[in-house]
Amino acid sequence: MFTPGELKDKASDKSKKGHICKGCIAMGHSEKNSFFSGDNSMLRTYVHWNWGTHGEMYLKICQKIGIKPNECALPNPEDMPSDTTMQTHLDGFVQATLNVKWSKEGLLEHILDFIISGDQSFHVVEEKPFRKLLKYQHPATQESDIPHHTKIQEEVIEKANLAIQRLKEEFKIVPAGFLDATIEAGAHKVCNYIEISS
């Protein structure tokens, strides 16, 4: 679904490592608009958000290489497609994800969901009672498995940048110019504006 790649920043003349989305390329997007610099959890979130255009390809690739789709990439039950072909593909996988094994990446996704949906401080992960709760729920959890607030901030910034890319696609119908927007992650401002380009 994603292949490692590099994108050269014209302003600084430096290359940034990341991944190129095969789904976006197949849809005719440029390599620049198909490039993401986040880690695996960000890439799965991108598939989740773009399930309508990327879901079938994701499932086919998972089937081809014989792996179970990651639950973070799958759509919410209410977003499940109604067409029978896709539903047939999903049935086996959704059943298989009911007994998902614990993973560090899964923990990170659930913590992000908790923080974002509940408008919690990034620093909640530093609180001893919170960390104790996670260890109580999964006794094998090590201190190093639980992310710190800096990791949470990095993940939120990556997801915000992904949201900005999606908004750029959505706002292509807006006449050329700038659209005022500010996205903040903790004390770190992600951007002051979103440039609309064709």
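Note that the coordinates shown come from a computational prediction; the quantities given were computed from them, not determined experimentally.

What counts, and where the lines are drawn
- Residues numbered from 1 in each chain as written.
- Predicted model: local features only at pLDDT ≥ 70, side-chain atom pairs only at ≥ 80, totals over all residues.
- Heavy atoms only, no water.
- Pairing = 2+ DSSP bridges.
- Helix = DSSP H or I, 4+ residues; strand = E, 2+ residues; numbered from the N terminus.
- Axes fitted to C-alpha atoms, helices over the stretch in contact; angles between N-to-C directions.
- Parallel < 35°, antiparallel > 145°, perpendicular 65-115°, else oblique.
- Contact = heavy atoms within 4.5 Å.
- Nonpolar A, V, L, I, M, F, W, Y, C, P; charged D, E, K, R; others polar.
- Buried < 20%, exposed > 50% of the residue type's maximum accessible area, 1.4 Å probe, protein only.
- Lys, Arg positive; Asp, Glu negative; His and termini not counted.
- Salt bridge = Lys/Arg side-chain N within 4 Å of Asp/Glu carboxyl O.
- Polar contact = N/O pair within 3.5 Å; in protein donor to acceptor, adjacent residues only side chain to side chain.
- Core = buried A, V, L, I, M, F, W, Y, C linked by side-chain atoms within 4.5 Å.

Considerations on the sheet that holds strand β1 (residues 2–9)
In step 1: Ordered by their spatial adjacency, three strands build an open sheet running β1-β2-β3, and the pairing between neighbours is antiparallel. In this open sheet, the two strands that pair with only one neighbour each are β1 and β3 (35–36).
In step 2: The pairing of β1 with strand β2 (residues 14–21) spans eight bridges and is classified as antiparallel. Bridge pairing in β2 links Pro4 to His19.

Structural notes on the packing of helix α2 (residues 40–49) against helix α3 (residues 51–65)
In step 1: With their axes 6 Å apart at the nearest point, α2 and α3 run at an angle of 115° to one another. Overall, the two elements α2 and α3 adopt an arrangement that is roughly perpendicular. When α2 is examined against α3, the residues Tyr46, Val47, His48 and Trp49 are found in contact with a partner set consisting of Trp51, His54 and Tyr58.
In step 2: Across the contact of α2 with α3, the residue classes tally to five nonpolar, two polar and no charged.

Structural notes on the side chain of Asp145
In step 1: Turning to its location among the elements, Asp145 is positioned in the loop between α6 (128–137) and α7 (149–170).
In step 2: With no salt bridge to any partner, buried Asp145 finds its closest opposite charge in Lys104, at an N-O distance of 4.4 Å.
In step 3: Among the polar contacts made by the side chain of Asp145, one reaches the main-chain amide nitrogen of Gln142 at a distance of 2.8 Å.
In step 4: Beyond its immediate sequence surroundings of up to four residues, Asp145 is in contact with Trp102, Lys104, Leu107 and Ala140.

Structural notes on the nonpolar core
In step 1: Counting residues in each nonpolar core, the largest one holds 16 residues, and the members touching the most others are Phe2, Cys21, Phe36, Tyr46, Val47 and Tyr58.
In step 2: Among the secondary structure elements, those contributing two or more residues to this core are α2 and α3.
In step 3: Not counting residues within four places of it along the chain, the set of residues in contact with Cys21 comprises Met1, Phe2, Ser34, Phe36, Tyr46 and His54.
In step 4: Phe122, Val124, Val125 and Phe130 belong to the second largest nonpolar core, which has 13 residues in total.

All quantities given are derived from atomic positions and should not be read as evidence of function.
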